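# An overview of the molecular structure
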Amino acid sequence: MSLNEICELGVIDLTSLGQSIAAHHATQQRRVCVYDYDDPSFVPQVVKEYKASIEQDDNDAGSSIHTICPSRCMVPSTSIEELAKIISTPRKIIIFGTHNDDKKFDDIWNELKLHLTRGDMVLRWGEEDRAMITNPGDQDNLQFYTESIVSNLSKFQAEPLGIHLLEMVKLEQDRATIIKESDTQDTFVVGGAKDAYGQLSLYVSPFALTGHVGSSAACAHYARMVQRAVEFGVAQCLAEGCDLLKKAALYENQDLGRTLTKWNEGGILTSYLVEISSKIYYKRDGITKKGHVIDHIVDSIDLNGSDTWFSLEATKLGVPAPTVTAALEARFLSTMKEERVDASSILGAPEGADTPSVLKDQISEDLQGAILSAWICVIAEGLSIFVAAAEVGQWEVNLVECLRLWNLPASFLNSEMLEIILLALSENQRNMQNVLLLPSIASRLQATHMSWRRIVTLCFASAIPCPCLGASLTYYDSYRSKILPSSLIRAQRDFFGGYGYNRFNEEGWYTSCWVQEHTGGLKRATKKVEKGANDDTKKKKKRKTKESS
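Residues numbered from 1 in each chain as written. Predicted model: local features only at pLDDT ≥ 70, side-chain atom pairs only at ≥ 80, totals over all residues. Heavy atoms only, no water.

### Description of helix 7 (residues 194-204)
The condition that has to hold: Partly exposed describes any residue whose relative accessible area lies between the buried limit of under 20% and the exposed limit of over 50%, with all areas from a 1.4 Å probe on protein chains only and scaled to the type maximum. A run of H or I in DSSP counts as a helix once it spans at least four residues, and a run of E counts as a strand once it spans at least two, with each numbered from the N terminus. For this quantity, the arc is that covered by the directions from the helix axis to the C-beta atoms.
Every buried residue of helix 7 is listed here: A196, Y197, L200, Y203 and V204. What you see down the axis of helix 7 is that its buried residues fit within an arc of 105°, all on one side. Exposed residues on helix 7 whose side chains face more than 90 degrees from its buried face are K194 and D195.

### Re the side chain of R124
To keep it simple, the criterion reads: By the criterion applied in these results, polar contacts are pairs of N or O atoms within 3.5 Å in which, for protein atoms, one can donate a hydrogen and the other can accept it, and in which residues neighboring in sequence qualify only through two side-chain atoms. Contacts are residue-level and defined by heavy atoms, with any inter-residue pair within 4.5 Å sufficient.
Its location among the elements puts R124 in strand 5 (residues 121-124). A distance of 3.3 Å separates the side chain of R124 from the side chain of E167, its partner in a polar contact. With near-sequence residues (within four places) excluded, R124 lies in contact with I95, T98, H99, N100, D101, D102, F105, I149, V150, L166, E167 and M168.

### Quick notes on the pairing of strand 6 (residues 164-171)
Keep this limit in mind: Strand pairing is assigned whenever DSSP detects at least two bridges linking the two strands.
Of all 8 residues in strand 6, 7 are buried, a share of seventy percent or more. Two strands pair when backbone bridges link them, and strand 5 and strand 6 are joined in this way by 4 bridges, in the parallel orientation. The residue bridging L123 from the neighbouring strand is L166, located in strand 6. The sheet contact formed by strand 6 and strand 7 (residues 186-191) spans 5 bridges and is antiparallel.

### Some points on the environment of C466
Structurally, C466 is set in the loop between helix 17 (439-461) and helix 18 (467-479). When the C-alpha positions of C466 and I455 are compared, they lie 9.3 Å apart, and in sequence the two are 11 residues distant. What C466 contacts, discounting residues up to four positions off in sequence, is E240, V456, C459, F460 and A471.

### Here we look at the pattern of salt bridges
Where charged atoms from two side chains of opposite charge approach closely, those side chains can pair. As a reminder of what qualifies: Think of a salt bridge as a Lys or Arg side-chain nitrogen and an Asp or Glu carboxyl oxygen that are within 4 Å of each other.
Tallied over the entire structure, the rule returns 23 salt bridges. Across the pair D255 and R258 runs a salt bridge whose closest N-O atoms are separated by 2.5 Å. Of this pair, D255 and R258 both sit in helix 9 (residues 253-263), separated by 3 residues, roughly a single helical turn. Two residues, K279 and E275, come together in a salt bridge whose shortest N-O distance is 3.4 Å. Taken together, the positions of K279 and E275, both in helix 10 (residues 272-282) and 4 residues apart, correspond to about one turn of that helix. Residue class for K279 comes out exposed when judged on its relative accessible area of 52%. Residue classification places E275 among the partly exposed residues on the basis of a relative accessible area of 32%. A single network of salt bridges, built from pairs that share partners, joins D13, D38 and K104.

### Brief notes about the confidence of the model for the protein
To be explicit about the condition: Every residue is assigned a pLDDT by the predictor, reflecting its confidence on a scale from 0 to 100.
Across the protein, pLDDT averages 88, with 88% of residues at or above 70. Of the regions scoring below 50 in pLDDT, residues 62-66 engages in 4 contacts with residues more than four places distant in sequence or in other chains. Low pLDDT (under 50) marks residues 132-139, which in the prediction has 7 contacts with non-local residues, meaning those over four places away or in another chain.

### Side note on the packing of aromatic side chains
We count it as follows: Two rings from Phe, Tyr or Trp (for Trp, the six-membered ring) form a pair when their centres are within 6.5 Å of each other. A pair whose planes differ by under 30 degrees is stacked, one over 60 is edge-to-face, and the rest are tilted. Look at NZ for Lys and CZ for Arg. If either is within 6 Å of the ring centre and within 35 degrees of the ring normal, a charge sits over the ring.
For the structure shown, the criterion picks out 11 aromatic pairs. Residues W125 and F188 carry aromatic rings whose centres are separated by 5.7 Å and whose planes lie at 70° to one another, so their mutual orientation is edge-to-face. With W125 in the loop between strand 5 and helix 5 (149-158) and F188 in strand 7, the pair connects residues that are 63 residues apart, well separated along the chain. A relative accessible area of 1% places F188 in the buried class. Relative to F386, the ring of Y222 has its centre 5.3 Å away and its plane inclined at 25°; by these criteria the two rings are stacked. With a gap of 164 residues between them, Y222 in helix 8 (residues 217-247) and F386 in helix 14 (residues 360-393) connect regions that are remote in the sequence. This pair shows no difference in class: Y222 is buried, exactly as F386 is. One aromatic cluster in this structure is built from Y145, Y222, W309, F310, F386 and W395. Over the ring of F105 we find R124; its NZ or CZ atom is 4.9 Å from the centre of that ring.

### A short note on unusual backbone geometry
Following T89, the chain continues into P90 via a peptide bond in cis, with omega recorded as -5°. Counting through the fold element by element, P90 comes out in the loop between helix 3 (80-86) and strand 4 (92-95). In this structure, N100 takes a positive phi of about 65° despite not being glycine. By the element assignment, N100 lies in the loop between strand 4 and helix 4 (102-112). A relative accessible area of 68% means that N100 is categorised as exposed. If you check the backbone angles, A410 has positive phi at about 80° while not being a glycine. Residue placement: A410 occurs in the loop between helix 15 (399-406) and helix 16 (416-428). Look at A410 and you get buried, because its relative accessible area is 11%.

### Regarding a nonpolar patch on the surface
Spelled out, the test is: Surface patches are drawn from residues lacking salt bridges whose relative accessible area is over 30%; two like charges belong together within 9 Å, two nonpolar side chains (Val, Leu, Ile, Met, Phe, Trp, Tyr) within 5 Å. Per-residue and other accessible areas follow the Shrake-Rupley method at a 1.4 Å probe size, with only the shown protein chains counted as cover for residues.
On the surface, F495, W514 and V515 cluster together into a nonpolar patch covering about 260 Å² of accessible area. Along the polypeptide, W514 turns up in the loop between strand 9 (509-513) and strand 10 (525-529).

### A short note on the environment of R454
Relative to the helices and strands, R454 resides in helix 17. Under the relative-accessibility criterion, R454 is labelled partly exposed at 40%. The sequence separation of R454 and A370 amounts to 84 residues, and the corresponding C-alpha distance is 8.6 Å. Discounting residues that sit within four places of it in the chain, R454 has contacts with Q362 and D366.

### A few points about the packing of helix 8 against helix 14
Let me state the cut-off plainly: All axes here are fitted lines through C-alpha atoms, helices being fitted over the stretch that makes contact, and every angle between N-to-C directions spans 0 to 180 degrees. Comment on the angle field: the value is read as roughly parallel under 35 degrees, roughly antiparallel over 145, roughly perpendicular from 65 to 115, and oblique elsewhere. Each crossing gets its handedness from the near helix: less than a right angle anticlockwise from the far helix is left-handed, clockwise is right-handed. As a working rule, the residues Ala, Val, Leu, Ile, Met, Phe, Trp, Tyr, Cys and Pro are called nonpolar, Asp, Glu, Lys and Arg charged, and the rest polar, with Gly in that last group.
Contact pair helix 8 / helix 14: the axes reach a minimum separation of 9 Å and the direction vectors enclose 160°. Here helix 8 lies roughly antiparallel to helix 14, going by the angle between them. As for the relative orientation of helix 8 and helix 14, their crossing is right-handed in sense. Residues C219, Y222, A223, V226, V230, G233, V234, C237, L238, G241, L244 and L245 of helix 8 touch helix 14, and the partners they reach there are I363, S364, L367, I371, A374, W375, V378, I379, G382, I385, F386 and A389. Looking at the contact of helix 8 with helix 14 residue by residue, the class counts come to 20 nonpolar, 4 polar and no charged.

What follows is the structure in structure tokens.
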């Protein structure tokens, strides 16, 4: 084979997007080798049609000014083995047509890996279809990061051979933007080796907005899963605020629409979510011709399989995520519609003189600070989970890139708040412990925390549920507390079963003789013991007793 026939890019599976990318780079005088896994006989037809279109373009131009004839830059192959031989090393290969078809990708990989060498790069393209969701119940399109076939194949097969296996995971965008602006690029998070991503991005960037979020394919799935959990968290916070305005300030739908519109005009809550919520409150019902659509929507949200993963991850990693968990529990409660209706007639709520009286303007003003503060806590919890998972998985993650992609136009999370956090994190990413500790974020929370407290207090006093606004404030106060009441709980457990505790400024593990019966006569004794000595799964060790002074 002559050097003139060597290609720089391989495209496997000629889906519509696969054909477009191959054709684009071929017209740029980059030689591309193409192969279709499902139907190899389809390849010559694709190449023939491409050559015909290029030759027609050259004829229309009158003459060709190409140094390398683009019509010869799309090269067909009859097998994966042939494709691998034609591509220059280190090979760069993009695989299409395997979204939601892990078996097909696995089959392609098992054949392809036999012909790869150290340094080669293989990218699995994510979702290609831009069609809208037609089945209202079909919204659970996430894959758990632990189930990522690319991540598992990379860890156990590709990496030991020095081969780079990467994956793109598509982020959701506003459907109206996709419909109105057909040239809007899809957005993807990419996981895998950073250097390999840098080399492959040349071929991807004309067709997608991408960002490298971590050193493993699992990072792309994790970033998408965190984004989904954060979306539900911020949405719940705003919903609670609107509920407060309705029930405590007696706002009508039009009042809420006007208020949200005002908030979105350059204020601290300027965001896609506030903008669309204002439009929602204005929308009249076209079916009954009475009232607004919002009043006819059942207040019950069905859960998908991926909705609980964040709280489970937080528990597994030992990282607090009370705000996002509160949003999940609010959804649990929403599904108990009939039970809630029954409870509303049995469990009374304060009325009249028992409810506080607060100026409407004051509620609206304080609520902006409360929602902003809660949103910041949601982001902090989400990123803390990602960092903890990265430590366990030994990933290198780029939180700044995650926030940048989450904050693109047409994203559910696009907001002034996210821009503020992105800027703060960009300046302090290496030394970040928690978003709440970033100097500019901490000062902002200090400025809004009293508004936050007044809103939560008003909700409690008015019997208006505020699971996320309340949980976020508790998270903030707990995180900033030097001393928590956990010492009493530890003492209670030691009193009950001698489970032990450690002490300030002293080494070792202790248990106390809280009452005379604990020692058979010794009073006020404290014993130093081996840690875990009273664990039922371990053999108890003999402990020496020493009396405390």
